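# Working through the structure, step by step
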Amino acid sequence: MQIISIIVPIYNVEKYLPQCLDSIINQTYKNLEIILIDDGSTDNSGKICDKYKLLDNRIIVIHKSNGGLSDARNTGIKIATGDYISFVDADDFIDENMYTILFQKINTTNADIIWYNHYNYQSSNEISKSSIFVQEKQYLLPKDNYKFQYDLLNKYHLIGYCWNKLYKKSIFNSILFPYNRKCEDGFILISLLNKAENIICIPNFLYYYRNTPNSLSKDTVSYKFKLDFIESRLIRAIDFASLSPNTKSANILLYRAYKYALKFIINNPNKNYNLIYFYNHLKSLLFTNLSLRRKISIILNLIKYHHKINKF
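What this report covers is the structure whose coordinates are included nearby. Here the residue numbering is sequential within each chain, running from 1 through the sequence in written order. Only residues with pLDDT of at least 70 are given local features in this predicted model, and only at 80 or more are side-chain atom pairs given and counted; all residues enter the totals for whole chains, interfaces and linings. Side-chain metrics rest on all non-hydrogen atoms present in the structure, leaving aside hydrogens and water.

Another point: helix α1 (residues 17–25). Helical geometry: 3.6 residues make up each α-helical turn, so side chains three or four residues apart lie on a common side. Accessibility here uses a 1.4 Å probe with only protein chains present; expressed as a share of the type maximum, an area under 20% marks a residue as buried, one over 50% as exposed, and anything in between as partly exposed. Runs of E in the DSSP output that reach at least two residues are strands. Runs of H or I that reach at least four are helices, and both are numbered from the N terminus. Looking at α1, one finds that the buried residues are Leu17, Cys20, Leu21, Ser23, Ile24 and Ile25. In this analysis, two residues are considered to be in contact whenever any of their non-hydrogen atoms come within 4.5 Å of each other. Residues of α1 that are buried make contact with β1 (4–10), β2 (32–39), α2 (45–55), β3 (59–64) and β5 (93–94).

Okay, here's the thing in structure tokens:
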């Protein structure tokens, strides 16, 4: 029976951690490797990890200095020995049958990636469904490239969460999360999908995502988050364009990503903002078959940005 490695990055979540760990150790599928990465917690999270390790010999605990969410996940990836990898954030929890359902899909499809729905959890009385997949779909690549690229953009909206997927471990060979970045999932989404030959999307709701603003993964308001969100959006657009070169949908995605980025930096002028990324990749937009009007609008926004920034 194949081993699933579950990587749980942990930082100051003592309030929610027991529910998370209980939902993992009580899974109906038992062949698990549970990797808890205590990322320099200053509350009782580390002690809770050690307590659970004594209760379950499938648990591995790593205590490390604080390096952020990406660093914690990467630490788990490097020591994982399972055939498949799954991520669970420490303030979230999962359905008790999640890995039984996923393992059944592995047996019947030999999928490289299995993608599933999740709940948005506020409290036991306030749970809503985030329904990305309404029916099961299988994509055998490269045969189904066009269908998958269309659905990825128009139905799944390039949603980059890493915790709503089960990955064959080999998918992460040579790929790690970018260090010290917010929106870290989005930076590597297309790279991971591009390494898969068999992707299954299922309509099951298996993951409970809790909205806790102070956790490692839930910062959505800081200036750094906004900058990293912009860059991850650009990378997804550029990577998607490499999958589907010079198609209308890919080019429109590039245009919208650049337009959003330029609008942000125009409204938030900052002399220290590094535009090298934009200069290096702007040609990926300008050399597409986008309309001249759209290309000019991007150039005018860039000129507008320079005019505004030079006043400071």
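Having seen the structure, we can now continue with the description.
Bringing the pairing of β2 into the picture now. The buried count for β2 comes to 8 of 8 residues, which makes it a mostly enclosed element. Of the two faces of β2, both are covered, the one formed by Leu32, Ile34, Leu36 and Asp38 as well as the one formed by Glu33, Ile35, Ile37 and Asp39. Pairing between strands requires that DSSP locate at least two bridges from one strand to the other. The pairing of β1 with β2 spans 7 bridges and is classified as parallel. Opposite Ile10, over in β2, you have Asp38 as the bridge partner. The handedness of the β1 to β2 crossover, carried by α1, is right-handed. In this fold, β2 hands off to α2, which returns the chain to β3; that crossover is right-handed. We call a crossover right-handed when, viewed with the strands running away from us, the connection from the first strand over the helix to the second turns clockwise.

Our focus in this paragraph is the packing of α1 against α2. Axes, fitted as lines to C-alpha atoms, cover a helix only where it is in contact. Angles between the N-to-C directions of the axes lie from 0 to 180 degrees. At a minimum axis distance of 11 Å, the contact between α1 and α2 shows a crossing angle of 25°. By the angle between their axes, α1 is roughly parallel relative to α2. For the pair α1 and α2, the crossing hand works out as right-handed. Of α2, the residues touching α1 (which contributes Leu17, Pro18, Leu21, Asp22 and Ile25) are Ser45, Ile48, Cys49 and Tyr52. A breakdown of the residues in the contact of α1 with α2 according to their chemical character gives 7 nonpolar, 1 polar and 1 charged. Angles below 35 degrees are treated as roughly parallel, those above 145 as roughly antiparallel, those between 65 and 115 as roughly perpendicular, and all remaining angles as oblique. What makes a crossing left-handed is the near helix being turned counterclockwise from the far one by less than a right angle; a clockwise turn instead makes it right-handed. For this scheme, ten residues count as nonpolar: Ala, Val, Leu, Ile, Met, Phe, Trp, Tyr, Cys and Pro. Four count as charged, namely Asp, Glu, Lys and Arg, and the remainder, Gly too, count as polar.

The working definition used for a salt bridge is a side-chain nitrogen of Lys or Arg within 4 Å of a carboxyl oxygen of Asp or Glu. Summed over all chains, the structure comprises 12 salt bridges. Asp89 is the salt-bridge partner of Arg73, the closest N and O atoms lying 3.0 Å from each other. Of this pair, Arg73 sits in helix α3 (residues 69–79) while Asp89 sits in the loop between β4 (84–87) and β5; the two residues are 16 residues apart in sequence, bridging distant segments of the chain. Between Lys137 and Asp151 there is a salt bridge, with its nearest N and O atoms 3.1 Å apart. Pair noted here: Lys137 is in strand β8 (residues 137–140) and Asp151 is in helix α5 (residues 145–154), with a separation of 14 residues, a long-range link. Owing to a relative accessible area of 18%, Lys137 belongs among the buried residues under this scheme.

On to the packing of aromatic side chains. Pairing of aromatic rings covers Phe, Tyr and Trp, the last counted by its six-membered ring, and requires centre-to-centre distances within 6.5 Å; plane angles under 30 degrees mean stacked, over 60 mean edge-to-face, and any other angle means tilted. A complete count under the given rule lists 20 aromatic pairs for this structure. The interplanar angle of 75° and the centroid separation of 6.0 Å between the aromatic rings of Phe87 and Tyr167 together place this pair among those described as edge-to-face. Note that Phe87 is positioned in strand β4 and Tyr167 in strand β9 (residues 165–168), a separation of 80 residues in sequence. Neither Phe87 nor Tyr167 differs from the other in exposure class; each is buried. Centre to centre, the rings of Tyr119 and Tyr208 are 4.6 Å apart; their planes meet at 20°, and the pair counts as stacked. You can see Tyr119 sitting in strand β6 (residues 113–123) and its partner Tyr208 sitting in strand β10 (residues 198–210), a full 89 residues away along the chain. According to the relative accessible area criterion, Tyr208 is buried, its value standing at 15%. Among the aromatic residues, those joined into a cluster by ring pairs are Phe93, Tyr119, Tyr121, Phe205 and Tyr208.

Don't take any of this as a statement about function, it's just geometry.
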